[in-house]
Amino acid sequence: MRLNLKASNVSTTPSAIKELPKRFEPALFILPHLIIFSVFFIFPFFYGLVISLYDWHHFFPEQRTFIGLANYRRILFETDHIYYEYFWRGLRNTLTFVALSVPLLVAFPLFIASLINTEPRGYKLFRAIFYLPSLFSIATLVLIWRWVLNTNLGVLNLTLAHLGVGTNIAWLSSQPFAWISLVMMTVWWTIGGNMIIFTAALKDVPDMLYESADIDGANLFQKFFRITLPSIRNQLVYIFIMTTLASFNVFGQPQLATGGGPQQTTTVLMMYIRNIAFGGGRPRPGIATAMAVCMGIIMIIISIAQTRIIKRMGD
Amino acid sequence: MALKKIEQRKKRISFWILVSISVVWVMPVIWVISTSFKSEMEAVSGGLNLIPRDFTLASYRFIFTDQNNNIFRYIRNSFIAAGTHTGLYLLVASLAAYGYGILQFKGRDRIFWLLLSTMMIPAVMNLIPLYAVMIRFEWLNRLTALIVPGLGGVFGIFLLRQFNLTIPKDLIESAKIDGASHLSIYLRIILPLTKPALIVVGLFSFMGNWNDYLWPLIVINDDAVRTLPVGLAIMQGNYTIFYSRLMAATVVSIIPVLALFMASQRFFIKGITMTGIKQ
Amino acid sequence: MKKLMMSLMLVLSIALLAACSGDDNGNGDGQVTAITFWNIFTGPDGQEMVAMINDFNAQHEGEIRVLTQTIPSADFYEVMNTAVPQGQGPDVAIMHLDNIQRYASLAMLYDFDDLLSGSDFDAADYIPAVWNAGLFEGRRYGIPLDVHPIGLFYNIDVLEAANVEVPTTTEELIAACEALQTHVIHCLPLSSMWPSQTLFTASLFQNDGVDLDENGEYPAFNTPEGYAALKVFNDLIFTHGVSIPNVGVDEDLAFFRQGNAAFHINGIWMLNGIIESGVNFGTAPIAQLFGDTPATWAGSHQFVMPRGRSVDAEKQAAILTFVEFITNNSLRWANAGQIPANLRVLESAEFQALPYHSTFVDVSTIQFVNASPYFDDAFTPIYSRVTAAMTTPSADIQALLDAAELEGIQRVDDALGN
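Source: prediction; values computed, not measured.

Undergrad: Help me understand the domain arrangement of chain C, please; the structure alone is not making it clear to me.
TA: Many descriptions give the size of an interface as the accessible area lost when the pieces come together. Residue and element names in this part refer to chain C. Along its sequence, chain C is organised into domain 1 (33-147 + 299-362) and domain 2 (149-298 + 367-416). Taking only C-alpha atoms, the centre of domain 1 and the centre of domain 2 are 28 Å apart. Listed by partner, the interface residues are 22 residues for domain 1 and 20 residues for domain 2. Taken together, the elements giving at least two residues each to the side of domain 1 that touches domain 2 come down to helix H2 (44-59), helix H4 (97-105), helix H6 (128-133), strand S10 (296-306) and helix H17 (357-360). It is H4 that provides the largest number of residues to the side of domain 1 that touches domain 2, a total of six residues. For the side of domain 1 that touches domain 2, a count of residues per class yields 10 nonpolar, eight polar and four charged.

Okay, here's the thing in structure tokens:
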């Protein structure tokens, strides 16, 4: 690049800055971030563990009482307790969403990417089209899809009726359609990033490998499982884990599209945590924090397990 | 010759599959745009026509003139929050990336990998205690709450550091011999050379902040400082059956990000590719 | 790339500029008492409220100035939860009747007792149930502004064409829908979500059921009466077909506004929205549409004083002046689509002459929920089950009631610390 040009400018340094004691220089560079990181990440992390041991109150310190592990006991073991019910129901719903969405969120973009990888006419436009929805905010996403899925006026039901299949499906207020809708809009919203990573990964697979497979007479599937998948393993692991974690954090889609219904079947754990911590007239931040800690631990365990499993599969 | 033919056929098949999926993909947006130009009565008439029978700008006119509609205020707030956040983050992250990538000091790599490993910790665990910090700082209902906490993000530093590592050592060494301080090397060599990476990190922190929903929902309750995603969600409640107006608002909300994407598409694609490959 | 950098810089500088030019509201001189007022009126009623406030400010120029802010009701209580404990709440606010006691019990409101003792406010001027809902442990925390009942809107043209009378009972409704089948697409579309919970509550009272136990603590709707109250919606939709299933929020309203529905049940707050549509319509009570005992669900907006950092007597006196002004002018408020809580206004010739209000509801049938501090915990779990009963053809009504009751009991247990 244009390296030498720039280097010649270096000597015109203000002398005052030159005088800075050398050993403070690293601090100058990393401290701004480290301070912010400590205040808004490290401290809250430990503070959260503390909060989860209290019957906490956001605003009145005098009303906070230390109760040890009671919050954890309530949500994990006390079957007749309301927060036990909410925690496990929320976790079940979140896991349902993860299980339904992750396979599609990995496989579908891989499919699109392998089509784009053949570089047909206008492939850049296709790439842009599939990426575009991921620029939208969750509120925009849901506004679009609520209108598309509207029971009596939405384009989907109108089209289905036109084709003579199905009438007035309540996409957002009956099961299993509520889950189908949430997964559908999530796929539409988020495959762009994964697709682009896959496209780049597929490009790096040497053509030689396929050519020699052709000589061996391998069919399309054999080539896919024996050559393509192993060649993009690193990206696959990365995408698999990131997608799983993202799906765990699902909040906006059910919050805004189904309101957690029908009958709290799509109320995911994140919604309960937020409602219990901040909503209603009687927030219980201690309970909600304990739920968040449990959810966090589950997420860490799952992502470690995924790494291990995929690594072992490759060996 | 035969190989080339197979290649051609593959491309043709791919093309047509992509066309058919793309049609499905853009349909929701087309439907929304179409509705926004229909009259309210036509919008609820249950017609499948994409071309409005009586084309009208009434909904847009309403959006632009309704006193109860604060969408432009939400957009302005989002710009302030996301813009300020992005500017500050680029500064903080590029400084730190220089520290962890170019500088040599004791424990440098250990600190950096420790930082990286905290990315394993799910954000949900920090949500409520971070709210407690906001209370202590009296930052609730201030844009500061949307701008500052995210500056602690590690991923941007990671990307910029990777980029810094590709810069030839000789360049930095020769500058040092010329008597340049680290600050001036940072300003005059690293920043200009890492511009593409800075743009990528900037775009992603801008988009992330612009689209954030959960955190603003929790810390901002004052309509005067509300940002677009939460504001839009609330408008949904206010306009309920006025689908055409609602869709006009949706279209308006899409325009800023669309413009940004048009201007910088290749950086988006470069950026995502970077995140995926550096594993 | 240069161009991109330039545009990024532009965006940044705009952002920074905007950040620096924050509004600063200088407080006027010390003479004027400024009151902050939070309301939840986002529709046409909000515009009327602002107009009334402007008139008040003009009348009290130089003495009192009311500054109002509108917060959508979906957010309102969350905003209160965070603002009031920090001393950032408003001086006066509007709250729904079923929340007042809860907020009073959480020590987030001031009472009105001392203020009212020397004033013209008279309990006899108010619908008793509305007036009493503002009491908690013997002290008054809410002053009623209005009552907003639900009622029946009917399309006059459709009914006349089919020669059908406005139904008043379940049987008449079913018969009317049968007679209307060939005349209109939808008879009485029922949203399975909002406002279905208000319909269920009305049905509960019409079937002689109750919401909470006598102590106002635990749910008491899981009874044969409650069963009948919930079953009726399942029957109306799936047995008698008065409504298609799976109608979404406000789709029922949309049908009626298009002229494609014969009937529509909604709150009086929708009145102006329906007038706007140009449909030739009339209003009628729903008092016996779901059961034999006449009863109508209604909510009520009330003025409350959220707790501040300190009590300011001068401010509170100004608040009372303001509340008096608005409630005495509640006929204007009626025009915005509400029913005044003040009996003097309610019985006035002007109000009686309003074309839709007086036929919408018989005020004596209005029955409020038990607005105890535990109402939200004990009763709201039934709401999602009402939706289930209206969307599932073979819904197990008893199981739905059991589930709602259990959730309600557990939530109240938690609230009471049991």
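Undergrad: In this structure, what is going on with the environment of Ile 138 of chain A? I would like to understand it.
TA: Along the polypeptide, Ile 138 of chain A turns up in helix H7 (residues 138-149). In this structure Ile 138 of chain A comes out as buried when scored by C-beta crowding, with 23 C-beta atoms within 10 Å. Residues Ile 138 of chain A and Tyr 47 of chain A, 91 residues apart in the sequence, show an inter-C-alpha distance of 29 Å. Beyond its immediate chain neighbours, meaning those up to four positions away, Ile 138 of chain A contacts Gly 252, Gln 253 and Leu 256 of chain A together with Asn 211, Tyr 213 and Pro 229 of chain B.

Undergrad: Teacher, can you tell me more about the pairing of S10 of chain C here?
TA: Across a regular strand the side chains alternate sides, sitting on one face of the sheet and then on the other. All names here are of chain C. Within S10, 11 of the 11 residues are buried, which leaves the element mostly enclosed by the surrounding structure. Bridging between strand S3 (residues 92-96) and S10 involves four bridges; their strand directions are antiparallel. Opposite Ala 93, over in S10, you have Val 304 as the bridge partner. Bridge count for strand S4 (residues 109-110) against S10 is two bridges, and the pairing is antiparallel. Its bridge partner being in S10, Leu 109 is matched across the sheet by Pro 306. Here strand S7 (residues 143-155) runs beside S10; their pairing, made up of six bridges, is antiparallel. Within the sheet, the bridge partner assigned to Pro 144 lies in S10 and is Gln 302.

Undergrad: So what exactly am I meant to see when it comes to the nonpolar core here?
TA: Nonpolar side chains in soluble globular proteins tend to be buried together. Of all hydrophobic cores here, the largest spans 287 residues; its most connected members are Ile 273, Met 291 and Ala 292 of chain A together with Ala 262 of chain C. Broken down by element, the residue count for this core peaks at 14 residues, all from helix H4 (residues 71-101) of chain B. Each of domain 1 (33-147 + 299-362) and domain 2 (149-298 + 367-416) of chain C accounts for three or more of the residues forming this core. For Ala 292 of chain A, the contacting residues outside a window of four places in its chain are Ile 273 of chain A together with Val 124, Met 125, Leu 127 and Ile 128 of chain B.

So, how was this worked out
- Residues numbered from 1 in each chain as written.
- Chains lettered and ligands numbered in written order.
- Predicted model: local features only at pLDDT ≥ 70, side-chain atom pairs only at ≥ 80, totals over all residues.
- Domains from an automatic or database assignment.
- Contact = placed C-beta atoms within 7 Å.
- Helix = DSSP H or I, 4+ residues; strand = E, 2+ residues; numbered from the N terminus.
- Nonpolar A, V, L, I, M, F, W, Y, C, P; charged D, E, K, R; others polar.
- Buried ≥ 20, exposed ≤ 12 C-beta atoms within 10 Å, placed from the backbone.
- Pairing = 2+ DSSP bridges.
- Core = buried A, V, L, I, M, F, W, Y, C linked by C-beta atoms within 7 Å.

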